[in-house]
Amino acid sequence: MASEVAQIPAEETPAVAASEKPEEPEKPAVEKVEIAEDKKDEAGKQQQDSEEPKKDEAGKQQQDNEEPKKEEAAAKSEVATKSEAPPAQKFNVHKTNFEKDIIYLYQFSRTPLLPSLSPYCLKVETWLRLVGLKYENVDHKMRFRSKKGQLPFIELNGEEIADSAIIIKELSSKYEKNLDSGLTAEQRNVSYATIAMLENHLIWIIFYWRAKYPDNVLKGYKVNLQHALGLRLPNSILNFFFKITFGRKWFQGTKKLKAHGIGVHSAEEIEEFGKNDLKVLSEMLDCKPFFFGDEPTTLDVVAFAVLSQLHYLSKDIAYPLRDYMTEKCPNLIGHVSRMKDKCFPDWDEICTKLDLNAHIPKPEPETKEGKEGGEQEKSNEQEGPEGDKIEKELEKDKSNEKESTEENKEKEETK
C-alpha cells in the first residue's frame, strides 16, 4: 500500500480530491486571444467616441479664441498700412496750394492802357477767355520766369507749361477747345503762315522801337513801376533805374535784333517792313468781322494781341507805325475793337483798377446796415438815461406850472 501511494504524483492529488465534479473541457488559447482583442476594440471605440466630442469642443473653443486674435491682427495690419502710406506728392511749381483743373497764368502786370505789354501774354489770356476755360492770374510782380526763362507760362495740376504756342496747343488738346476745327486745310495753312509773320516779324519790329525808345515805353503805356514791381520806392527813382537797366540791356537787345535779322536794317527800312505787314493783314481781313468769317480763330487771337500793342499806345507819343494803321488800315482798328468787346468786357475795370483777376467774381462786401443799426442801438442805450432825466424834468416843470396856476386862482378867489 505504501508503494501505491508513493506512485501517485503530487500534482494529481487535488484532481483526485475533486473527482466527484464533472470535468469541463479547457478552451483553446486562440479563442481567448480573440476575445481579449474584441474587448480591446470595444474599449477603444468607446474611448474614441468619448474623445470626439471633447475634441470638437476644444476645436470650437480654440477657433473662438483665434477669431478675435485674427481681428486684432487685421486691425494692426490696417494701421500699419495707413502709417506706411506714401508721403504726399511734392510738385515743383510756384503755386503749391493749387486747385484741380484751374489754370494759373504768370504774365506781366497790368497797365492803365493795356492789360499786358507782352503780346504773347495777351495772346494766352485772350485765348483762355475766348474758349471759356477757368484761369487765375498770379500776382508775382514779374519775379518769376518759366524753366525756359520766359513769360508767359502756366501751371496746371502741378505741371508747368511754357511758351504761348505750346500752352494753347496743350490746353486745346486737353480740353478739346480747338478754335480752328472749322477751317479747311488751306485756311489752316494760311493761318499758320500769317501767325508766323505776326510773331516772327511784326512783333520784332515793335520790339525794335521799344528797345530804341525806353522812355516812350513808360510814357506811352503809362506804366506804374511801383505797382508793377510791388516796390515802395517813388516812381521817379524806379523810372531812373529802369532807363539805366534798359540801356544796359540795349546792347544785348541789339545783338538779338541783329541775330534775328531785323536789327541790321535802318530805322526807315524797319518801319517800311512794318507797314507792309499791316497792309497784308488789312487786305486779308477785308470787310469780314474776323479773318475767316463770323467767328474768331487762333489767327484773330494773335492778331489782336499784336495790333493792340500799336493801337492802345498813347497819342502823346509819336509812332509812325501806329499812325499808319489808324489812317490806312481802319478795318484792323475795327477788328481790335471787336475782339476787345468779345473777350474783355471788363477792359475798363482792368485798366483803371489794374486788377489781374477782374474776371473772377469777388465776394460781396459786408453791408453797413448792421453796423449802423448797432451804432444806433448803442446810441439809444447811451441816450436812454439822459432821456429819462429830461422827461422827469419836464414832468416837474408841468407840476410846478399847475401848482402856480392853482395858487393864482386861490388868490383871485380870496380877493
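Because the structure is predicted, anything quoted here is derived from the model rather than measured. Each chain carries its own residue numbering, running from 1 in the direction its sequence is written. Confidence filtering applies because this is a predicted model: local features only for residues at pLDDT of at least 70, side-chain atom pairs given and counted only at 80 or more, and all residues used for totals across whole chains, interfaces and linings. Side-chain numbers here rest on the full set of heavy atoms in the structure, without hydrogens or water.

1. Side note on the overall build of the protein chain
- What counts as a helix is a DSSP run of H or I of at least four residues, what counts as a strand is a run of E of at least two, and both are numbered from the N terminus. Within the protein chain, the regular secondary structure consists of 15 helices and four strands.
- Buried positions account for 32% of the 415 residues belonging to the protein chain.
- For the accessible areas, the method is Shrake-Rupley and the probe is 1.4 Å, while residue cover comes only from the protein chains on display. Accessible surface computed for the protein chain: about 28300 Å², of which carbon and sulfur atoms make up 51%. Each residue is assigned to one of three classes by its accessible area relative to the maximum for its type, calculated with a 1.4 Å probe on protein chains only: buried under 20%, partly exposed between the two thresholds, exposed over 50%.

2. Here's the deal with the sheet that holds strand S2 (residues 135-137)
- At least two DSSP bridges between two strands are required for those strands to pair. With mixed pairing, the four strands of this open sheet are ordered in space as S2-S1-S3-S4. Of all strands in the sheet, those with a lone pairing partner are S2 and strand S4 (159-162), marking the two edges. Within this sheet the neighbouring strands show an average axis-to-axis angle of 25°, counted without direction.
- Where strand S3 (residues 153-156) and S4 come together, four bridges link them in antiparallel fashion. Paired with Ile154 across the two strands is Ile161, which belongs to S4. Between the N-to-C directions of two axes lies an angle of 0 to 180 degrees, each axis being a line fitted to C-alpha atoms and, for a helix, fitted only over the stretch in contact.

3. Focus: the nonpolar core
- Core analysis: the largest hydrophobic core is formed by 69 residues, its most contacted members being Leu128, Leu171, Leu278 and Leu307.
- In this description, contact between two residues means that some pair of their heavy atoms is separated by no more than 4.5 Å. When sequence neighbours within four positions are dropped, the list of residues in contact with Leu307 reads Leu202, Leu278, Leu281, Met325, Leu332 and Val336. Buried residues of nine kinds, namely Ala, Val, Leu, Ile, Met, Phe, Trp, Tyr and Cys, make up a nonpolar core once their side-chain atoms join them within 4.5 Å.

4. Describing the packing of helix H6 (residues 185-212) against helix H10 (residues 267-285)
- H10 packs onto H6 with a crossing angle of 145° between their chain directions and a minimal axis gap of 10 Å. The chirality of how H6 crosses H10 is left-handed. Note on element contacts: H10 touches H6 through Ala267, Ile270, Phe273, Gly274, Asp277, Leu278, Val280, Leu281 and Met284, opposite Val190, Thr194, Met197, Leu198, His201, Leu202, Ile205, Tyr208 and Lys212.
- For the contact of H6 with H10, the per-class residue count stands at 13 nonpolar, three polar and two charged. Left-handed describes a crossing in which the near helix is turned anticlockwise from the far one by less than a right angle; the clockwise case is right-handed. Any residue that is not Ala, Val, Leu, Ile, Met, Phe, Trp, Tyr, Cys, Pro, Asp, Glu, Lys or Arg is counted as polar, Gly included; the first ten are nonpolar and the last four charged.

5. Digging into unusual backbone geometry
- In this structure, the amide linkage connecting Leu151 to the following residue, Pro152, adopts the cis form with an omega of 5°.
- In this structure, Pro152 sits in the loop between S2 and S3.
- Positioned with a positive phi, Lys141 is a non-glycine residue whose angle comes to about 55°.
- With respect to the helices and strands, Lys141 occurs in the loop between S2 and S3.

6. So, the packing of aromatic side chains
- Note on ring pairs: Phe, Tyr and Trp rings are taken, using the six-membered ring of Trp, and paired if centres are within 6.5 Å. Classes follow the plane angle, with under 30 degrees stacked, over 60 edge-to-face and the rest tilted. By the definition in use, this model includes nine aromatic pairs.
- With a centroid separation of 6.2 Å and 50° between ring planes, the pair formed by Trp209 and Tyr213 is classed as tilted.
- The class of Trp209 is buried, set by a relative accessible area of 7%.
- Note on Tyr312 and Trp347: the rings are 4.8 Å apart at their centroids and 35° apart in plane angle, and the pair reads as tilted. A residue pair is termed long-range when its members are at least 10 positions apart, and Tyr312 in the loop between helix H11 (298-311) and helix H12 (320-328) and Trp347 in helix H14 (residues 347-353) qualify at 35 residues.
- Classification of Tyr312 as buried rests on a relative accessible area of 16%.
- Among the aromatic residues, those joined into a cluster by ring pairs are Phe304, Tyr312, Phe344 and Trp347.
- Whether a charge lies above a ring is judged from NZ of Lys or CZ of Arg, which has to be within 6 Å of the ring centre and within 35 degrees of the ring normal. The residue whose ring lies beneath Lys174 is Tyr175, and the NZ or CZ to ring-centre distance is 5.6 Å.

7. With respect to a nonpolar patch on the surface
- Patch membership requires over 30% relative accessible area and the absence of a salt bridge. Like charges are linked within 9 Å, and nonpolar side chains (Val, Leu, Ile, Met, Phe, Trp, Tyr) within 5 Å. Counted as salt bridges are all cases of a side-chain nitrogen of Lys or Arg within 4 Å of a carboxyl oxygen of Asp or Glu. A cluster of nonpolar residues, Leu231, Leu233, Ile237, Phe240 and Phe241, forms a patch on the protein surface that exposes about 460 Å² of accessible area.
- Position of Leu233 among the secondary structure elements: in the loop between helix H8 (225-229) and helix H9 (235-260).

8. Digging into the side chain of Asn357
- Tracing the sequence through the fold places Asn357 in the loop between H14 and helix H15 (369-414).
- There is a polar contact of 2.7 Å between the side chain of Asn357 and the backbone nitrogen of Asn137.
- Sequence-distant contacts of Asn357, defined by excluding residues within four places in its chain, comprise Glu136, Asn137 and Lys362. Residues adjacent in sequence count toward polar contacts only when both atoms are side-chain atoms; beyond that, a polar contact is any pair of N or O atoms within 3.5 Å, and within protein one must be able to donate a hydrogen and the other to accept it.

9. Considerations on the environment of Cys329
- The topology assignment puts Cys329 in the loop between H12 and helix H13 (330-343).
- Cys329 sits in the buried class, given a relative accessible area of 2%.
- Distance in space between the C-alpha atoms of Cys329 and Leu278 is 7.4 Å, their sequence separation being 51 residues.
- In this structure Cys329 touches Leu278, Ser282 and Tyr324, once residues within four positions along its chain are discounted.

10. A short note on the pattern of salt bridges
- For the structure on display, the rule yields nine salt bridges.
- With a closest N to O distance of 3.1 Å, Glu271 and Lys275 form a salt bridge. Taken together, the residues span about one helical turn, with Glu271 and Lys275 both in helix H10 at a distance of four residues.
- With a relative accessible area of 27%, Glu271 lands in the partly exposed category.
- Note that Asp323 and Arg322 form a salt bridge whose closest N and O atoms lie 3.0 Å from each other.

11. A closer look at the confidence of the model for the protein chain
- Per residue, pLDDT captures the predictor's confidence, and it can take any value from 0 to 100. The pLDDT averaged across the protein chain works out to 79; a share of 64% of its residues lies at or above 70.
- The model gives residues 1-23 a pLDDT under 50, and that stretch makes zero contacts with residues more than four places away or in other chains.
- Of the regions scoring below 50 in pLDDT, residues 377-387 engages in zero contacts with residues more than four places distant in sequence or in other chains.

12. Let's talk about H10
- Residue count minus one, scaled by 1.5 Å, sets the expected span of a helix. Its 19 residues place the ends of H10 27 Å apart at the C-alpha level, agreeing with the 27 Å of an ideal helix rising 1.5 Å per residue.
- Listed as buried for H10 are Ile270, Gly274, Asp277, Leu278, Leu281, Ser282 and Leu285. Viewed end-on, H10 has its buried residues packed into an arc of 135°, placing them on one side of the element. Away from the buried face of H10 by more than 90 degrees, exposed residues Glu268 and Glu283 are located. When we speak of the arc, we mean the arc of directions from the helix axis to the C-beta atoms.

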